[in-house]
Amino acid sequence: MPASNIAMWSGPRNLSTAMMYAFGARSDCAVWDEPFYAAYLRLTGLDHPMREAIIAAGEPDPARVASRCAAPADRPLFYQKHMTHHMVPGVPRDWFGSVAHVFLIRHPARVLASYDRKRERATLDDIGFRQQAEIFDAVRAQGLPVTVIDSAEIRAAPEPMLRRLCAALAIPYDPAMTRWPAGGHKDDGVWAAHWYDAVHRSTGFAGAEGPLPVLDGALAGVCAEALPYYEKMRAEALRP
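All figures in this text were calculated on a predicted structure; none of them were measured in a lab. Residue positions are given per chain, counting from 1 as you read along its sequence in written order. Given that the model is predicted, a residue must reach a pLDDT of at least 70 before its local features are reported, and side-chain atom pairs must reach 80 or more before they are shown or counted; all residues, however, enter totals for whole chains, interfaces and linings. Based on all heavy atoms of the structure, the side-chain values leave hydrogens and waters out of the count.

## Examining the overall build of the protein
To be explicit about the condition: Comment: elements are numbered from the N terminus, with helices defined as DSSP H or I runs of at least four residues and strands as E runs of at least two. Throughout, the radius of gyration refers to the C-alpha atoms, and the reference size of a globule is 2.2 Å times the residue count to the power 0.38. Residues are treated as being in contact if the distance between any of their heavy atoms lies within 4.5 Å. Each accessible area is a Shrake-Rupley result for a 1.4 Å probe, and residues are judged covered by the shown protein chains and nothing else.
When you go through the protein residue by residue, the secondary structure sums to 12 helices and 5 strands. On C-alpha atoms alone, the protein measures out to a radius of gyration of 17 Å, which is about the 18 Å that the 2.2 N^0.38 rule sets for 240 residues. Each of the three principal axes of the protein carries a C-alpha extent, and together these read 45 × 40 × 40 Å. Taking the intrachain contacts of the protein between residues at least 6 apart in sequence as the baseline, contacts between residues at least 24 apart amount to 80%. Accessible surface for the protein amounts to roughly 10500 Å². Of this, 54% is attributable to carbon and sulfur atoms.

## Details of the pattern of salt bridges
For clarity, the cut-off: The term salt bridge refers to a side-chain nitrogen of Lys or Arg lying within 4 Å of a carboxyl oxygen of Asp or Glu. We call a residue buried when its accessible area falls under 20% of the maximum for its residue type, exposed when it is over 50%, and partly exposed in between, using a 1.4 Å probe and counting protein chains only.
Summed over all chains, the structure comprises 17 salt bridges. With a shortest N-O distance of 3.3 Å, Glu236 and Arg140 are connected by a salt bridge. Of this pair, Glu236 sits in the segment after α12 (217–234) while Arg140 sits in helix α7 (residues 129–141), and the two are 96 residues apart along the sequence. In this structure Glu236 comes out as partly exposed when scored by relative accessible area, which is 37%.

## With respect to the state of the cysteines
Just so we agree on the cut-off: Defined by distance alone, a disulfide is two cysteine sulfur atoms within 2.5 Å.
For the structure on display, the rule yields 0 disulfides. Of the cysteine sulfurs around Cys69, a residue in no disulfide, the closest is that of Cys29, at 13 Å. The cysteine Cys166 is free of any disulfide, with Cys29 supplying the nearest cysteine sulfur at 9.5 Å.

## Thoughts on the side chain of Arg106
Keep this limit in mind: Polar contacts, as counted here, are pairs of nitrogen or oxygen atoms within 3.5 Å of one another; within protein the pair requires one atom able to donate a hydrogen and one able to accept it, and residues that are adjacent in sequence qualify only if both atoms are side-chain atoms.
Of note, Arg106 is situated in the loop between β4 (100–105) and α5 (108–118). Of the polar contacts made by the side chain of Arg106, one reaches the side chain of Glu209; its length is 2.5 Å. For Arg106, the residues in contact, after removing those within four places along its chain, are Arg13, Asn14, Val111, Ser114, Phe129, Asp150, Ser151, Arg155, Glu209 and Tyr230.

In structure tokens form, the structure reads like this:
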């Protein structure tokens, strides 16, 4: 049965916005940028960049967000870009059976090097690896199908990997997914001004990444904590 509502689970700095743009370039797909962000900030009280603007622009009631995630959109496909660390206590999960679940992964050294340029002193909970593995286990425990895809594989071979992903979701591949206009998407979250500068300059996926960045100090420690979660997910990932 083809997917209609697609939950793409990732942490920050993980090709997640480019993937949203790829699906947003399809004429048959609506997209939603980080549905639970406002609720997450309201529930946790955390001080994120643009906190008040995010809460004001979004839906702070997680139950209402969950209901919309499970409901049909105005197009055949409904792509939801979810951050795994947003799924804190108080956020419902009873909608999980109504969506197809995809887990987008990236090596934690790359995530941390990118995150540190935007927001310093990242912790393991900030980058979502632990939560991603926990959500993966929860979805699988419900007997629901899961798909894992590595951002490195997408950047190295966008069209073949997007074809693999579409096949896993039982939806047709659309060549429009590899290109999009520079300048952002109309459904970007209000936080795009802080986080999305690089992807706003893009018109497609960047090329293959080079050697892993070398981390030291606290970042190296967080990377070591995150690596087992990444390796667990990597073992399940689609291959070229």
